[in-house]
Amino acid sequence: MSKKVLVTGCAGFIGYHFCINMLKEEGSTVYGVDNLNNAYSPLLKKERIDNLKGNDSFSFLNLNLSDINSLNSLKKDFDVVLHLAARAGVRQSFLNPEIYVRDNTLATANISNFVNKNSIKKLVIASTSSIYGDSGVNKVSEDKDELGSPPSVYAATKIAGENIAKTILEDSNTILSIPRFFTVYGPWGRPDMSILRFIHWIQSGKAVRLYGDGKQRRAFTYIDDVIAALEKFTNQDIHGTFNIGSDSINTLNEVINLIEKKLDRVANIEYLDRAYRDIDVVIPDLDKTKKQLSWEPLTSLSEGISKTVEWCEEKIDLLNKIDYLYEGEKNPNEN
Ligand code: NAD
């Protein structure tokens, strides 16, 4: 069924893929908003937007969602609002907490209020596994009740965003879905995240900056699996919070080995101190998601890495122009 969808953060990694996928549905129109901030290379965001603009059913608005007045310039008759805009990144959030409060909590309050005032039927808000902190050997489920002590400023602002949206929409008829994503990677990924930068550094023979011993484990989740989940949230009426992550848990060292194998190169690893508040492992409990959303991750890490490396080889000219270090990393005293 054709839909009119508002996507916030459309120039971002996940937003871009969602828009590309949504635009394949005949008759659907996508309104994308993004302020193209410089959390990482705006060149990558511009390139994504240029690709989207090639589609007649896509319109783009450069808008800052944390500015309440800027939302007045938006159309109001959407079937679904997908709110992906945010300031992501755990380490960076300790450097500039005010940016995280503004772009994650305030912006989410503004978009929730916009949805409520305009009686929009559905709101999907992206949240994160970072809110759980270390899971140890136990899987984390959506109803985990220790969320009162968030492990980072990023986590705290995302939990606040979830709660504000729930509070604002409590008495409305809006269906509110909150997917909590676990470490997403793939083509067009973020250069501030491990997989894209590791591929670039190994490909170009540069030192691979590795914080800690590489034994940290994550549920690395391939972008196509995330988009399949978002498609379900968009097309079905599913209320609630859901873990969206891989069911295989891998170390950073395993990621590096897979990249080395695919590129047939050896990584030159520069071991750095473990990052502040870095977590050892976070394992998603996917029972609720599998049962209620009928979703499960389908892409293995080796398949996902292989596809991502192939994309990096294809886009080597673009990827060579991108900065892979963020503000705090450029000055080692701030890490
Ligand atoms: P991203 O940084 O690539 O995309 C976010 C986009 O939002 C950016 O293009 C940015 O310019 C835009 N934005 C930020 N603040 C804005 C504002 N005030 N007004 C307008 N636009 C603004 O990040 P992503 O990886 O695509 O993440 C999308 C969502 O998924 C985020 O909410 C993030 O917290 C969540 N998430 C991502 C991951 C992951 O591994 N990528 C994991 C867990 C959760």
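(A) Spatial organisation of the overall build of the chain. Counting secondary structure elements, the chain contains 12 helices and 16 strands. Whereas a compact globule of 335 residues would reach a radius of gyration of roughly 20 Å, the chain reaches 19 Å, a difference of no more than 12%. A burial count over the chain gives 45% of its 335 residues as buried.

(B) Representation of the domain arrangement of the chain. Domain boundaries assigned for the chain yield domain 1 (4-184 + 223-244) and domain 2 (194-217 + 247-280 + 298-334). Summarising the inter-unit geometry, the C-alpha centres of domain 1 and domain 2 are found 25 Å apart. Residue-level contacts link 16 residues of domain 1 with 15 residues of domain 2. Taken together, the elements giving at least two residues each to the side of domain 1 that touches domain 2 come down to α2 (42-53), α3 (90-93) and α7 (223-235). Looking at side-chain class alone, the side of domain 1 that touches domain 2 contains seven nonpolar, four polar and five charged residues.

(C) Structural view of the packing of helix α1 (residues 13-22) against α7. Where α1 meets α7, the axes come as close as 10 Å, and the angle between the chain directions of the two elements is 60°. Between α1 and α7, the crossing angle belongs to the class labelled oblique. Our pair here, α1 against α7, has a crossing hand that is right-handed. Contacts between α1 and α7 involve I14, H17, F18 and N21 from the former and I223, V226, I227, L230 and E231 from the latter. Grouping the amino acids of the contact of α1 with α7 by side-chain chemistry returns six nonpolar, two polar and one charged.

(D) Molecular detail of the site of the ligand. Taken together, 29 residues surround the ligand, and among them G9, G12, A86, T128 and F181 come closest. Only α1, β2 (29-34) and α4 (97-117) provide two or more residues apiece to the shell around the ligand. When residues of the shell around the ligand are assigned to their parent elements, the largest contribution, three residues, is made by α1. Its residues assigned to classes, the shell around the ligand shows 15 nonpolar, nine polar and five charged.

(E) The packing of helix α8 (residues 252-263) against helix α10 (residues 301-314), seen in detail. At a closest axis distance of 10 Å, the pairing of α8 and α10 adopts a crossing angle of 50°. With respect to α10, the element α8 is oriented oblique. Between α8 and α10 the crossing geometry is right-handed. Residues V255, L258, I259, K262 and L263 of α8 pack against L301, S302, I305, S306 and V309 of α10. Per-class residue counts for the contact of α8 with α10 are seven nonpolar, two polar and one charged.

(F) Layout of α10. A rise of 1.5 Å per residue sets the reference length of α10, with its 14 residues, at 20 Å; its end C-alpha atoms lie 20 Å apart and thus fit the reference within 8%. Contacts made by the buried residues of α10 are with β9 (184-185), α6 (194-203), β12 (221-222), β14 (250-251), α8 and α11 (316-320).

Rules used in this analysis
Residues take numbers from 1 onward in each chain, read along the sequence in its written order. pLDDT decides what is reported in this predicted model: residues at 70 or higher carry local features, side-chain atom pairs at 80 or more are listed and counted, and totals for whole chains, interfaces and linings draw on all residues regardless. Only DSSP runs of H or I reaching four residues or more are called helices, and only runs of E reaching two or more are called strands; each is numbered from the N terminus. Taken over C-alpha atoms, the radius of gyration is set against a globule rule of 2.2 Å times the number of residues to the power 0.38. Three classes are used. A residue is buried when 20 or more other C-beta atoms lie within 10 Å of its own, exposed when 12 or fewer do, and partly exposed in between, with C-beta atoms placed from the backbone. Where each domain begins and ends is defined by an automated method or by a domain database. We call two residues in contact when the distance between their C-beta atoms, placed using the backbone, is within 7 Å. In the scheme used here, Gly and all other residues not listed as nonpolar or charged are polar, with Ala, Val, Leu, Ile, Met, Phe, Trp, Tyr, Cys and Pro taken as nonpolar and Asp, Glu, Lys and Arg as charged. To obtain each axis, a line is fitted to C-alpha atoms, and for helices this fit is confined to the stretch in contact; angles are then taken between N-to-C directions over 0 to 180 degrees. Orientation categories follow fixed angle ranges, with anything under 35 degrees roughly parallel, anything over 145 roughly antiparallel, 65 to 115 roughly perpendicular, and all other angles oblique. Crossing handedness: left-handed means the near helix sits turned counterclockwise from the far one by under a right angle, and right-handed means the same turn made clockwise. Residues are classed as near a molecule or strand if the C-beta position derived from their backbone is within 6 Å of it. What a helix should span is 1.5 Å times the count of its residues minus one.

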